[in-house]
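Take a look at the letters that make up each chain.
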Amino acid sequence: MCGISGSYGFGADTEGIARRMNSALAHRGPDGEGIFVAGQAGLAHRRLSIIDIAGGAQPMTTQDGRYTIVYNGETYNYLDLRAELQELGHTFRTESDTEVLLEAHAEWGTAAYDRFNGMFAFAIHDAQTDTVTIARDHFGIKPLYYWVDDAQDRAAGAPKVLFGSEIRALLAAGQFEAAPDDRAVYRYLKFRVQDDDSQTFFHGVRRLMAGQVLEIGPDGTEVTSFTRLQEELREIAARPSRPYSEAVVDEYRERFHESVRLRLQSEVPVGTSLSGGLDSSAVAAVIARHLREQPQDESFSAVGSRQNTFSAVFPNSANDEEAYVDKLLEDNAGQITAHKIHPQPDAFLEDLRDFVRTQEEPIISTGPYAQYAVMREASQHVTVLLDGQGADEMMAGYNPYFYVYLRQLRRQKRFKELASEVIGSRDILRKLARTKYSGRTSVPIEALLNSGFVAEHSSEKVTSVQDDIKERLLEDTFRSSLPSLLRYEDKNTMRFSIEGRVPFVDKELLKFLFSLDESAIIHDGWNKRILRESMDGILPDMISKRRNKIGFTTPEGEWFRTIAPELQEIFTSESFASRPYFDAPSVIALFEDYIANPGNHGTMMFWRLLNVELWMRTFFDDTEGSSRALGDQAAADEQEALAAAAPAPVPEPEDEEPKSDYVANPDKQLDLVSESDAHSWRRLPLQTELVARGDDLESLVRERAERFAASLPADVVPEGSPWYFVISEKIIAIMQGRSWFTWEIKPRTSAKVLSRFVTRTPAGIGLGDPTTMELAIREVGLPRVVAASAAGAAGKVVGKRGLFYEVVGANVRAIDGPTPYSAFPSNVSAKLPPKDPDAVSATISAAIRGADIPAALRDSFVGTVVMDANDIGRNVLGSDVATPDERLEATFADNPLGQGRQRTPLAILVDLGTASHR
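For the structure given in this document, a descriptive report is provided here. For clarity, every value in this text was computed on a predicted model and none was experimentally measured.

## Focus on the overall build of the chain
Point 1. Broken down by element type, the chain carries 38 helices and 27 strands.
Point 2. Expressed as a percentage of the 918 residues in the chain, the buried residues total 59%.
Point 3. For the chain, long-range pairs separated by at least 24 residues make up 73% of all intrachain contacts whose partners lie at least 6 apart in sequence.
Point 4. About 36,000 Å² of surface is accessible on the chain, with carbon and sulfur atoms providing 49% of the total.

## Here's the deal with the sheet that holds strand E11 (residues 212-217)
Point 1. Read across the sheet, six strands follow the order E4-E5-E6-E7-E11-E12 without closing on themselves; strand pairing throughout is antiparallel. At either end of the open sheet lies a strand with only one pairing partner, and these are strand E4 (60-61) and strand E12 (220-225).

## Describing the packing of aromatic side chains
Point 1. Under the defined criterion, the tally for this structure stands at 42 aromatic pairs.
Point 2. Seen from their ring centres, Phe571 and Phe576 are 5.3 Å apart, and the 70° between their planes marks the pair as edge-to-face.
Point 3. On the accessibility criterion, Phe576 (0% relative accessible area) is buried.
Point 4. Here the aromatic residues Tyr186, Phe191, Phe453, Phe571, Phe576, Tyr581, Phe582, Phe591, Tyr594 and Phe606 are joined through ring pairs into a cluster of three or more.
Point 5. In this structure, Arg115 packs its charged tip against the face of Trp108, placed 3.8 Å from the ring centre.
Point 6. Directly above the ring of Tyr324 sits Arg546, whose terminal nitrogen or CZ lies 3.7 Å from the centroid.

## Quick notes on the packing of helix H10 (residues 345-359) against helix H11 (residues 368-378)
Point 1. The contact between H10 and H11 brings their axes to 11 Å, and the two run at 95°. Taken as axis vectors, H10 and H11 run roughly perpendicular relative to one another. From H10, Ala347, Phe348, Asp351, Asp354, Phe355 and Thr358 reach across to H11, where they touch Pro368, Tyr369, Tyr372 and Arg376.
Point 2. For the contact of H10 with H11, the per-class residue count stands at six nonpolar, one polar and three charged.

## Brief notes about helix H14 (residues 415-424)
Point 1. The complete set of buried residues in H14 reads Leu418, Glu421 and Gly424. In an axial view of H14, the angular spread of the buried residues amounts to 130°, which keeps them on one side of the axis. For H14, exposure combined with an orientation more than 90 degrees from the buried face picks out Lys416 and Ile423.

## A look at the pattern of salt bridges
Point 1. Per the stated rule, a full pass over the model turns up 61 salt bridges.
Point 2. A salt bridge links Glu166 to Arg168, with the shortest nitrogen-to-oxygen separation between them at 3.2 Å.
Point 3. Here Glu166 falls in the buried class, since its relative accessible area comes to 4%.
Point 4. Owing to a relative accessible area of 4%, Arg168 belongs among the buried residues under this scheme.
Point 5. A salt bridge links Glu533 to Arg529; the nearest nitrogen and oxygen atoms lie 3.1 Å apart.

Conventions adopted
Position labels on residues start from 1 in each chain and follow its written sequence. Owing to the predicted nature of the model, reporting of local features is limited to residues with pLDDT of at least 70; listing and counting of side-chain atom pairs is limited to 80 or more, with chain, interface and lining totals taken over all residues. Hydrogens and waters are ignored; side-chain quantities use all the structure's heavy atoms. Secondary structure counts use DSSP, requiring at least four H or I residues in a row for a helix and at least two E residues in a row for a strand, with both numbered from the N terminus. Burial here depends on accessible area, computed with a 1.4 Å probe over protein chains only, as a share of the maximum for the residue type. Under 20% is buried, over 50% is exposed, and the range in between is partly exposed. By the convention used here, residues are in contact when the closest approach between their heavy atoms is within 4.5 Å. The method behind every accessible area is Shrake-Rupley, applied with a 1.4 Å probe, and residues are considered shielded solely by the protein chains displayed. Strands were regarded as paired on the criterion that DSSP finds at least two bridges between them. Each Phe, Tyr or Trp ring, with Trp reduced to its six-membered ring, pairs with another whose centre is within 6.5 Å; inter-plane angles below 30 degrees give stacked pairs, above 60 give edge-to-face pairs, and intermediate values give tilted ones. Look at NZ for Lys and CZ for Arg. If either is within 6 Å of the ring centre and within 35 degrees of the ring normal, a charge sits over the ring. Angles here are taken between N-to-C directions and fall from 0 to 180 degrees, while the axes themselves are lines fitted to C-alpha atoms, restricted in helices to the stretch in contact. Here the word oblique covers every angle except those under 35 degrees (roughly parallel), over 145 (roughly antiparallel) and from 65 to 115 (roughly perpendicular). Classification convention: Asp, Glu, Lys, Arg as charged; Ala, Val, Leu, Ile, Met, Phe, Trp, Tyr, Cys, Pro as nonpolar; all other residues, Gly among them, as polar. Within this analysis, the arc is defined by the directions that extend from the helix axis to the C-beta atoms. For this analysis, a salt bridge means a side-chain nitrogen from Lys or Arg found within 4 Å of a carboxyl oxygen belonging to Asp or Glu.

These figures come from the coordinates and say nothing about function on their own.
Right, here's the structure in full:
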């Protein structure tokens, strides 16, 4: 493993901790290991050597004994820095870049770090001050994690800190109990984000962000930035831009070529990851061209006489890139030795546990598995692998960037350019429209999550820059997109003891791009313009002018259809149901529909749910059992080191205590004085099991009334007090078959359009969802809905509300949509109002009168009310009683049955009379 592991403030046990951390990494990497202990600091290291294998062993200490470094990565401009330091009087014992970093720190302190061009994470101990400084490169290419013991009494001495390039090293130290960070899990599940701030998925474990330094001393810790790179890029972008020209393209080509050349510095074999896309193909083509034109150039010697390329291909799948790979190979047949890897879904299942463990934290999709499979094969041939990561974020490689640029042009009133870009990107805009109106079911992730978990994190928001292309590129390069890609690249390469290098992720190359006009990035509907044009004559037109982007990923949809039974086993497992994050019945129902109708659903939401579950099993359930389940050498090698840090198994959740029939729901009142009649009304919510289409309503009501009466305390329903049986319209609609899962409803285009103009409220979405609008159209017809919409719009103009429902009718008012906070299946269902609610009321009343309940209770029973109530309103839909609807509705003014997952769709409503009559 290429990494850093360290501790600070462990006192007498420092050396033991360092050894244990090093043993946790012992299965990674073929070269050099070491432990450094001084004062209260312990540094343990095992590093994959790339530059000066013989002399670059670590830890390394300056000749005067003051500074000691452990270092993960490479610094590509180390020769220039070495020459500068020699002029200042420094002498060197090795040819390594490690010693250059160490001497640079001795000369300039943390100010030296901004001079480094490369990828690095390192720790330097200062014996004179007994402090440790750890730093991460400008882009965060190399990972660096740390944990600080916040519970430690500072008066007891220096803070206790762990840091490392792998989270598992921190866990192996056994100094804290591993626990998931619920906020990180929620943001991942809800917003698909990860690696965008310092908090990892492990509670208390933080990541040092790009360009940051953590200084650890006797008085505590401090995180600062060693670079102004992001501010510099903004300043460059704010200056008058350099006009786009042929000379600019030539200069970019030279700069890119130099960036590639710098990353070929190595004493071990170097290859290229080739996806068939523009970015990785550009890297491979530049190397091939140089080998062809300058075969004797020593700076390319690590490549050999022929470049090894490694490609994941998926013949006959929707995302197969093999034709593009083959074209590049054909044009460079004399300079490339190709290796094609064919990942398969059955192999993915076999590798899944190790893949999840390798990533350490959840990831965006199964896509990184393609790279995992490539790295495994590449490790048999090379030790360093270049690829095209980072070009998308730096040159607007994803479709959303087009929309950002169009909004920028509109904001800047550059309408001529806006028109040109709209025309140029019309195929992309058409693709967006097709996706938006594809008919694919959209289920909000909240509907699949535990309502308490959602409520706890409901304030979380994620925003992005929408109308400034360069600012958006900055955001995605340093926070929103690239960090997660760099993380999985590092994890995959380190898993197989090779080093990944990314020529596009170069600060000087990025500064050059930001000095240019935006047309160098996007022009006439083409992104990456300068890269495409700089590759003229180097890349085949088939690649440089290709429009569709697939990328280095798996055919996830096709794979999930193949391995659906195995995935379903995970969703139906006891462990999945026990997690505090998921609503397992909803997930299972949706996945069953995916199996039956795979074209109706995407897979990324399923992957996130699966990933969290497998991550929980791997890192927080029984450690020994999880490692055995991995079935691979990596797990066996790690088991001994991780045993000391094994957390307690996740306890089985306790069964929820059933609600008593004789108390109110939480945060609700049992009795209410009605504003309608000044009577006091007692509302007794009755909890039920979940119901389904076709269940026997009469049997349910009879059994529930008998159970209520069997243990009825004497004072709960005073003898002779009139009482009503109230039932929610939802439960009737479900049993009548007038409720559908949202994915069973296929909204027409008009439903999608009309629903966008409906205001949603916290109490419910009403017709603000395409599924409910579709039901409304089915119920009363499109012309009536359109007429009602026009009436509603006119009413808003003149200040009269409610005209929409006056025109469309009460049946449409009673349509319910999916509400994430409700119990399954209401959280993923849309419902029409019940059919013949008056007749249903009479049937229910007959069942209650025929039930085995005390005669006095039967005699005071008035009848049944079908109620549609929520937190903002209530409506009696039907009844068999003479009591005015308005009077009954007023008794439910505070929605006593609840709006969430109380599972109380029934109630006994008792008229206690006025105070003077009691």
